[in-house]
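Breakdown of the fold
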Amino acid sequence: MSSHDNHVYVRSQTEFEYLKRKRRENMRTQVTTFSIMIFLTLISFTAVVAGFSKYYIIPIILLLAAVQVVLQLYYFMHMSEKNHNIPAYFIYFAAMVGFTFLLTFITIVWW
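Residues numbered from 1 in each chain as written. Predicted model: local features only at pLDDT ≥ 70, side-chain atom pairs only at ≥ 80, totals over all residues. Heavy atoms only, no water.

**What to know about the overall build of the chain**
Of the regular secondary structure elements, the chain holds 3 helices and 0 strands. Listed N to C, the secondary structure of the chain is α-α-α in terms of helices and strands. The C-alpha atoms of the chain give a radius of gyration of 22 Å, which is well past the 13 Å a tight globule of 111 residues would have. By its C-alpha atoms, the chain is 75 × 30 × 20 Å across when sized along the principal axes. Looking at the 111 residues of the chain, the share that counts as buried comes to 11%. Considering only intrachain contacts with a sequence separation of at least 6, the fraction spanning at least 24 residues in the chain is 54%. Per element, the accessible surface of the chain, about 9,900 Å² overall, is 70% carbon and sulfur. (Helix = DSSP H or I, 4+ residues; strand = E, 2+ residues; numbered from the N terminus. Rg over C-alpha atoms; globule rule 2.2 N^0.38 Å. Buried < 20%, exposed > 50% of the residue type's maximum accessible area, 1.4 Å probe, protein only. Contact = heavy atoms within 4.5 Å. Areas by Shrake-Rupley, 256 points an atom, 1.4 Å probe, with all protein chains shown as cover.)

**A short note on the packing of helix α1 (residues 13-49) against helix α2 (residues 54-76)**
Running from N to C, α1 and α2 point in directions that differ by 170°, and their axes come no closer than 10 Å. On the basis of their axis angle, the class for α1 and α2 is roughly antiparallel. Crossing hand, α1 versus α2: left-handed. In this structure, α1 uses T29, Q30, T33, F34, I36, M37, L40, T41, I43, S44, A47 and V48 to contact α2, whose residues at the interface are I57, I61, L64, V67, Q68, L71, Q72, Y75 and F76. In the contact of α1 with α2, the residues fall into 14 nonpolar, 7 polar and no charged. (Axes fitted to C-alpha atoms, helices over the stretch in contact; angles between N-to-C directions. Parallel < 35°, antiparallel > 145°, perpendicular 65-115°, else oblique. Left-handed = near helix turned anticlockwise from the far one by under 90°. Nonpolar A, V, L, I, M, F, W, Y, C, P; charged D, E, K, R; others polar.)

**Considerations on the environment of N85**
Along the polypeptide, N85 turns up in helix α3 (residues 85-110). By relative accessible area, N85 is classed as exposed at 63%. Placed 22 residues apart in sequence, N85 and L63 show a C-alpha to C-alpha distance of 25 Å.

**Comments concerning the pattern of salt bridges**
Inspection of the entire model under this criterion finds 1 salt bridge. A salt bridge links R21 to E25; the shortest N-O distance between them is 3.9 Å. Of this pair, R21 and E25 both sit in helix α1, 4 residues apart, roughly one helical turn. By relative accessible area, R21 is classed as partly exposed at 42%. With a relative accessible area of 35%, E25 lands in the partly exposed category. (Salt bridge = Lys/Arg side-chain N within 4 Å of Asp/Glu carboxyl O.)

**Digging into α2**
Here α2 contains 23 residues, and its C-alpha end-to-end distance of 31 Å stays within 8% of the 33 Å for a straight helix at 1.5 Å per residue. Residues of α2 that are buried in the fold lie against α1. A positive backbone phi angle near 60° is found at H78, which sits one or two residues after α2. (Expected span 1.5 Å × (residues − 1).)

Written out as structure tokens, the structure is:
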């Protein structure tokens, strides 16, 4: 027996159909999420092109950007799948630290 012996696992028809269905669902979810993010980007561009007040545009763009970050984390970075608890914890902690940092310096600048 040589060290290069390969063990080949042949999937059954049921396993093949299951994987095919799961991959189709995953692709559909990613395409839908991508479409939603493109739509949110178009809303942002439309708000700027329409010439709305910057006091209206800036919060809208920041809100839409936050929604896109969440969508990207959960669907493109696969954070919605099982066994991603520890990376999710670090991401949430980093977001909390970043938000606190931003809030602190905005408060210092304005007061």
